[in-house]
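Structure at a glance
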Amino acid sequence: MVEPSFSQLLVLFISLLFLFTTLGSSSKTRFKYSLEKPHHPLDPLTTPEIKRVQTILSGHDPGFGSGSAIIHAMALDEPEKQRVVRWKKGDRLPPRRAEVLAMSNGESHVLTVDLNSGRVVSDLVNPTFGYPILTMKDIIAVSQVPYKSVEFNRSIEARGIPFSGLICITPFAGWYGPDEEGRRVIKVQCFSKQDTVNFYMRPIEGLYLTVDMDKLEIIKIVDNGSVPVPKSTGTEYRYGFLNETVHMDRVNPMSMEQPDGPSFQVEDGYLVKWANWKFHIKPDQRAGMIISQATVRDSKTGEARSVMYKGFASELFVPYMDPGEGWYSKAYMDAGEFGLGPSSMPLVPLNDCPRNAYYIDGFFASPEGIPILQPKMICLFERYAGDISWRHSEILLPGTDIRESRAKVTLVARMACSVGNYDYIFDWEFQMDGLIRVTVAASGMLMVKGTAYQNVEDLGEKEEDSGPLISENVIGVVHDHFISFHLDMDIDGSANNSFVKVHLEKQRVLPGKSRRKSYLKVKKYVAKTEKDAQIKLSLYDPYEFHFVNPNRLSRLGNPAGYKLVPGGNAASLLDHDDPPQIRGAFTNNQIWVTRYNRSEQWAGGLLMYQSRGEDTLQVWSDRDRSIENKDIVLWYTLGFHHIPCQEDFPVMPTIASSFELKPVNFFESNPVLGISPFFEKDLPVC
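Residues numbered from 1 in each chain as written. Predicted model: local features only at pLDDT ≥ 70, side-chain atom pairs only at ≥ 80, totals over all residues. Heavy atoms only, no water.

**Let's talk about the overall build of the protein**
Selection rule: Secondary structure elements follow DSSP: runs of H or I of four or more residues count as helices, runs of E of two or more count as strands, with numbering from the N terminus. Here the radius of gyration uses the C-alpha set of atoms, whereas the globule reference equals 2.2 Å times the residue count to the power 0.38. Contacts between residues were defined by any pair of non-hydrogen atoms, one from each residue, lying within 4.5 Å. Per-residue accessibility takes into account occlusion by the displayed protein chains alone, with areas from the Shrake-Rupley method and a 1.4 Å probe. Counted as positive: Lys and Arg. Counted as negative: Asp and Glu, with His and the chain ends omitted from the count. In plain terms, the charge of a residue is placed at NZ if it is Lys, CZ if Arg, CG if Asp and CD if Glu.
Across its full length, the protein carries 11 helices and 32 strands. Relative to a compact globule of 686 residues, whose C-alpha radius of gyration would be 26 Å, the protein shows 27 Å and is just as compact. Along the first, second and third principal axes, the C-alpha atoms of the protein reach 90 × 70 × 60 Å. Of the contacts made within the protein by residues no fewer than 6 positions apart, 68% connect residues no fewer than 24 positions apart. If you sum the accessible surface of the protein, you get close to 32200 Å²; carbon and sulfur atoms cover 52% of it. Of note, the protein has its 74 positive side-chain charges centred 8 Å away from the centre of its 84 negative side-chain charges.

**Comments concerning the state of the cysteines**
Under the convention used in this document: Any two cysteine sulfur atoms lying within 2.5 Å of each other are counted as a disulfide. Each residue is assigned to one of three classes by its accessible area relative to the maximum for its type, calculated with a 1.4 Å probe on protein chains only: buried under 20%, partly exposed between the two thresholds, exposed over 50%.
Enumeration according to the criterion identifies 2 disulfides in this entry. The disulfide bridge from Cys 168 ends at Cys 190, spanning 2.1 Å between sulfur atoms. With the S-S bond torsion at 95°, the cross-link from Cys 168 to Cys 190 turns out right-handed. One end of the pair, Cys 168, is in strand S5 (residues 166-169); the other, Cys 190, is in strand S6 (residues 185-192), and 22 residues separate them in sequence. Judged on exposure class, the residue Cys 168 and its partner Cys 190 are both buried. Cys 353 shares a disulfide with Cys 379; S-S distance 2.2 Å.

**As for the packing of aromatic side chains**
The relation between two aromatic rings is expressed through the spacing of the ring centres and the mutual angle of the planes. Condition: A pair of aromatic rings is counted whenever rings of Phe, Tyr or Trp (Trp by its six-membered ring) have centres within 6.5 Å, and the orientation is called stacked for planes under 30 degrees apart, edge-to-face for over 60 and tilted otherwise. Two conditions define a charge sitting above a ring: the NZ of Lys or the CZ of Arg must be within 6 Å of the ring centre, and it must be within 35 degrees of the ring normal.
A complete count under the given rule lists 25 aromatic pairs for this structure. Aromatic side chains Trp 277 and Phe 430 sit 5.1 Å apart centroid to centroid with 65° between the ring planes, which places their arrangement in the edge-to-face category. Remark: Phe 430 occurs in strand S20 (residues 422-431) and Trp 277 occurs in strand S11 (residues 277-284); sequence separation between them is 153 residues. Like Phe 430, Trp 277 is buried. Positioned above the aromatic ring of Phe 241, the side-chain terminus of Arg 238 is 3.7 Å from the ring centre. Positioned over the ring face of Tyr 359 is Lys 376, at 4.9 Å from the centre of the ring.

**Describing the pattern of salt bridges**
A side chain of one charge can pair with a side chain of the opposite charge if their charged atoms are brought near each other. Spelled out, the test is: Each reported salt bridge corresponds to a side-chain nitrogen of Lys or Arg within 4 Å of a carboxyl oxygen of Asp or Glu.
The full count for this structure, using the stated rule, is 42 salt bridges. The shortest N-O distance in the salt bridge between Arg 238 and Glu 236 comes to 2.9 Å. Among the ionic contacts, a cluster of salt bridges with common partners joins Arg 383, Arg 414, Asp 427, Glu 429, Arg 437 and Glu 660.

**Concerning the sheet that holds strand S29 (residues 559-566)**
Basically, it comes down to this: Note on pairing: DSSP must find at least two bridges between two strands before they are called paired. Orientation is described by axes fitted as lines to C-alpha atoms, over the contacting stretch for helices, and by angles from 0 to 180 degrees between their N-to-C directions.
Taking strand neighbours across the sheet as the criterion, the 10 strands line up as S15-S16-S19-S20-S21-S32-S29-S28-S26-S27 in an open arrangement whose pairing is antiparallel. Of all strands in the sheet, those bounded by a partner on one side alone are strand S15 (358-365) and strand S27 (518-526). Averaged over all adjacent pairs, the angle separating strand axes in this sheet is 25°, with direction ignored. In this sheet, strand S28 (residues 543-553) lies alongside strand S26 (residues 498-508) in antiparallel orientation, the contact comprising 6 bridges. Paired with Val 502 across the strands is Glu 544, a residue of S28.

**What about the pairing of S29?**
Two strands pair when backbone bridges link them, and S28 and S29 are joined in this way by 6 bridges, in the antiparallel orientation. Counterpart to Leu 553 in the pairing with S29 is Pro 559. Linking S28 to S29, which pair antiparallel, is a turn of 5 residues; within it Gly 557 sits at a positive phi near 95°. Direction of pairing for S29 relative to strand S32 (residues 652-664): antiparallel, over a ladder of 6 bridges. By the bridge assignment, Tyr 562 is partnered in S32 with Pro 663.

**Some remarks on the sheet that holds strand S2 (residues 97-104)**
Backbone-to-backbone hydrogen bonds pair the strands of a sheet. The strands run either parallel or antiparallel. With respect to topology, 4 strands assemble into an open sheet ordered S1-S2-S3-S4, the strand pairing being antiparallel. In the strand order of this sheet, the two ends are held by strand S1 (69-76) and strand S4 (119-125), each with one partner. Ignoring strand direction, the axes of neighbouring strands in this sheet form an average angle of 25°. Pairing analysis gives 6 bridges linking strand S3 (residues 107-114) to S4, with the strands arranged antiparallel. What sits directly across from His 109, in S4, is Val 125.

**Topic: the confidence of the model for the protein**
Put simply, the test is: The predictor attaches a confidence to each residue, called pLDDT, with possible values from 0 through 100.
In this model, the protein carries a mean pLDDT of 91, and residues with pLDDT of at least 70 account for 94%. Within the model, the stretch residues 1-34 combines pLDDT values under 50 with 54 contacts to residues more than four positions away or in other chains.

**Details of the pairing of S1**
Most of S1 sits out of view: 7 of its 8 residues are buried. With 7 bridges joining them, S1 and S2 adopt antiparallel strand pairing. In the strand pairing of S2, Ala 73 is matched with Leu 101.

**Examining a nonpolar patch on the surface**
What counts, and what does not: Exposure above 30% relative accessible area and no salt bridge define the residues that can form patches, which grow by joining like charges within 9 Å and nonpolar side chains of Val, Leu, Ile, Met, Phe, Trp and Tyr within 5 Å.
Residues Leu 504, Leu 520 and Val 522 make up a contiguous nonpolar surface patch of roughly 270 Å² in combined accessible area. Along the polypeptide, Val 522 turns up in strand S27.

**Observations concerning unusual backbone geometry**
Of note, the amide linkage connecting Phe 649 to Pro 650 takes the cis form, showing an omega dihedral of 0°. Take Pro 650: it is sitting in the loop between strand S31 (632-642) and S32. Despite not being glycine, Asp 624 has its phi angle at roughly 60°, a positive value. Locating Asp 624 in the fold gives a position in the loop between helix H11 (617-621) and S31.

**Topic: the environment of Lys 273**
For the record, the criterion: In the analysis that follows, any N or O atom pair within 3.5 Å is treated as a polar contact, provided that within protein one partner can donate a hydrogen and the other can accept it, and provided that, for residues neighboring in sequence, both atoms belong to side chains.
Summarising the element assignment, Lys 273 is placed in strand S10 (residues 271-274). For Lys 273, a relative accessible area of 29% puts it in the partly exposed group. With 202 residues separating them along the chain, Lys 273 and Ile 475 place their C-alpha atoms 48 Å apart. Excluding anything up to four places from it in sequence, Lys 273 contacts Ser 263, Phe 264, Gln 265, Glu 267 and Lys 278. Polar side-chain contacts of Lys 273 include one of 3.1 Å to the side chain of Glu 267.

The structure is reproduced here in structure tokens:
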């Protein structure tokens, strides 16, 4: 008899969590904006709307009522862009529609539900190759399948692992050829949680399963023989459970105090106003967090000027560098295969977000169409870390005391998600000088591989192919992280932007003209078509990348614009014919610019699971449409190569990468020249 597994207990836990977060009458006071009605054309679906969508779907296809048709994702089908731009507060909202990704009878459905008419106005069946985002119901059901297998149970018993200490997870399968087509497949890998909650550090290596998700049957079991399961020693990471002495001086608690309260406002649940910024923010099942209609007020004229219509993380691509059996398929597309929203656990006050934070909840649909609360999914807070907005002290004017300095205060919108072993933190940071900084940080646990080796000396001259030894019997497998951002920049309007490549070109000084031998000269090239804007970054061929409105000129004649400022980055080095790279082709370049198309939002395609790379950013860009003086979209992929080390064990210190969107000739002069300095009398005495 097989003992109850951790996965079986997980089913009970998820069921209780589902009941706890399924909305009831007690939620009305705290979540009034989400429970009542939408106030803005881009507001996410409210709980009554989610319930109404389910009712409409049940009338369209009885399977949605009986359970044979499953909802995998439900979100607002946003109105046409120009309707949203023209809308003003007090106007009637455009018709509300929902986009639903569903599975019925083994086929993918993309449905559009009109909430006003109560009809399904579109039902596309298998519009592209691939399947919708997975549900937690899928993952829990698959995690139970191994226990039905006699062969699997014998393999576990042969390794001497008690079933009570077993947990199985479901790495996504990717796509590797026709033998995996025609059915939804998924991989299963198991770990030991005996004496630890950090089961990721105790893999049961050499035992891998492939499962048919719909039939819940094992397709294949690979047992390459027993590999030592790493010990639980040193894997604990929870505060209050660590027994090690920390030889580090105490750092006293600190927080930022605001005696007059926060400076930002949140209207109607999702509209944020702060300093000179206004934007719409909403939780999203796939992207996690979406920023829309970001406008900045000109400090000289008072005009609210558009900067970005919509920005969000479009896809995450995490390929592992081990081609062996059981590992070759580990090349995850976290947003399109599972979603960043459902994996966003409640943020931890004072640690994930400071004391002055404001929290926003998410509401998503269960596979049965029931509204589910995702509490404290996003936080907003003002940040002051002693940074300087601008300064100058003058020493060359005798008799004067000029020491001018202004503190830098910013507004941060943050979301964190735990996608399996990895945690990602997404920050959108707004500055008063018009700059937007986007940062992605990674923490959590490595995906590690068990090995017989306990010390690098055991390897001798043999080098481990997949990664370095980071603890006894534990290999940290080398991998990459790539995050592709969809940035629909609308500089002073949506219909007339251009992308300008500003090149720094080295010039040789003619003999006798100067004591210098060389200098740099700026030359500008306007991208005509999409292929002109497929860009690989290079330190030795430097460019600036400007988004400009050629029809909005400054008093000096410069077009108003913003520039993309890349931070530290990495490029995918996989071959273009490698199946993971075919699906992750959006990493073939770091920068892309495409013609606006409301259907082109997800860099890896709408139906990502087991996709073949037929509906990606690379495919859209290769159409080579005209992009000069058009409504265009910027795509930027940031990334980093990760070679694990001992400091990543048992949980990783945070690593981060970022980029900036910075005004360039957008304002007539320094927009924060007139902000006030801080004075001692304005601060609290604690």
